[in-house]
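Commentary on secondary and tertiary structure
Residue-level listing of the chains:
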Amino acid sequence: MSFLPLADVEVNNETQPFWDALRNNTLMLPRCTACQSVVWYPRAHCPACFSTALQWEEMSGRGTVYSYSIVAKGNGRWKESGPYVVAYVELAEGPRILTNIVGITPNDVHINMPVVAVFDAGDDGRVLLRFTSSS
Ligand SMILES: [Zn+2]
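Criteria and thresholds
- Residues numbered from 1 in each chain as written.
- Predicted model: local features only at pLDDT ≥ 70, side-chain atom pairs only at ≥ 80, totals over all residues.
- Helix = DSSP H or I, 4+ residues; strand = E, 2+ residues; numbered from the N terminus.
- Rg over C-alpha atoms; globule rule 2.2 N^0.38 Å.
- Buried ≥ 20, exposed ≤ 12 C-beta atoms within 10 Å, placed from the backbone.
- Core = buried A, V, L, I, M, F, W, Y, C linked by C-beta atoms within 7 Å.
- Domains from an automatic or database assignment.
- Contact = placed C-beta atoms within 7 Å.
- Nonpolar A, V, L, I, M, F, W, Y, C, P; charged D, E, K, R; others polar.

**Side note on the overall build of the chain**
Scanning the chain from terminus to terminus reveals one helix and seven strands. When the elements of the chain are put in sequence order from the N terminus, they spell out α-β-β-β-β-β-β-β. Here the chain has a C-alpha radius of gyration of 15 Å; the compact-globule value for 135 residues is 14 Å, and the two agree. In terms of its C-alpha atoms, the chain occupies a principal-axis envelope of roughly 45 × 35 × 25 Å. Every one of the 135 residues in the chain was classed for burial, and the buried ones make up 22%.

This is the structure in structure tokens:
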């Protein structure tokens, strides 16, 4: 697996539980108790029905590739990282997350490929949610 540098993250009161959970190798997202939608990205209200009745819930970490692109040559800190995969992963629980597919040759990635969460840790304590093939 080639090393793919981590993006900067912005932690605030609404996203803190998400980032804390990633550091424990767990994917937690808020679920709306009014309409049952899983909320991505984490925030204080449900974007589907505007309810503020949200409850943090552990996700399965499983999903499928909804769409993806292979980046041959990145910018900035990713300048030496290509080729790598930027993808939308649709979680089993519903949300589509912009992420990376790692640990697989980029040309082997395909739409509808089953994937599982990877908790990609940096030296500074940051942990990013990425995915790898589960087949
Ligand atoms: Zn809702």
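There is more to say after this.
**Details of the nonpolar core**
Counting 23 residues, the largest nonpolar core has Val 89, Ile 101 and Phe 131 as the members making the most contacts within it. Elements supplying a minimum of two residues to this core: helix 1 (16–23), strand 1 (28–32), strand 4 (84–91), strand 6 (114–121) and strand 7 (127–133). For this core, the leading source of residues is strand 4, giving five residues. In this structure, this core is formed jointly by two domains, domain 1 (9–59) and domain 2 (60–135), each of which donates at least three residues.

**Details of the domain arrangement of the chain**
Often, the extent of an interface is quoted as the loss of accessible area upon association of its parts. Once the domains are mapped, the chain shows domain 1 (9–59) and domain 2 (60–135). When each unit is reduced to the centre of its C-alpha atoms, the spacing between domain 1 and domain 2 is 20 Å. With nine residues of domain 1 at the contact, the number on the domain 2 side is twelve residues. Tallied by class, the residues present in the side of domain 1 that touches domain 2 amount to seven nonpolar, one polar and one charged.

**Focus: the environment of Ser 69**
Checked against the element boundaries, Ser 69 lands in strand 3 (residues 62–71). A C-alpha to C-alpha distance of 18 Å links Ser 69 and Leu 91, two positions 22 residues apart in sequence.

**Examining unusual backbone geometry**
Residues Trp 40 and Tyr 41 are joined by a peptide bond in cis, for which omega reads 0°. Considering the arrangement of structural elements, one finds Tyr 41 in the loop between strand 1 and strand 2 (54–58). Of note, the amide linkage connecting Gly 82 to Pro 83 takes the cis form, showing an omega dihedral of -5°. Inspection of the secondary structure assignment puts Pro 83 in the loop between strand 3 and strand 4. Of note in this structure, Phe 50 is not a glycine but carries a positive phi near 70°. Assessed through the 10 C-beta atoms surrounding it within 10 Å, Phe 50 is described here as exposed. Although it is not a glycine, Asn 112 sits at a positive phi angle of roughly 75°. Within the secondary structure layout, Asn 112 lies in the loop between strand 5 (96–101) and strand 6.

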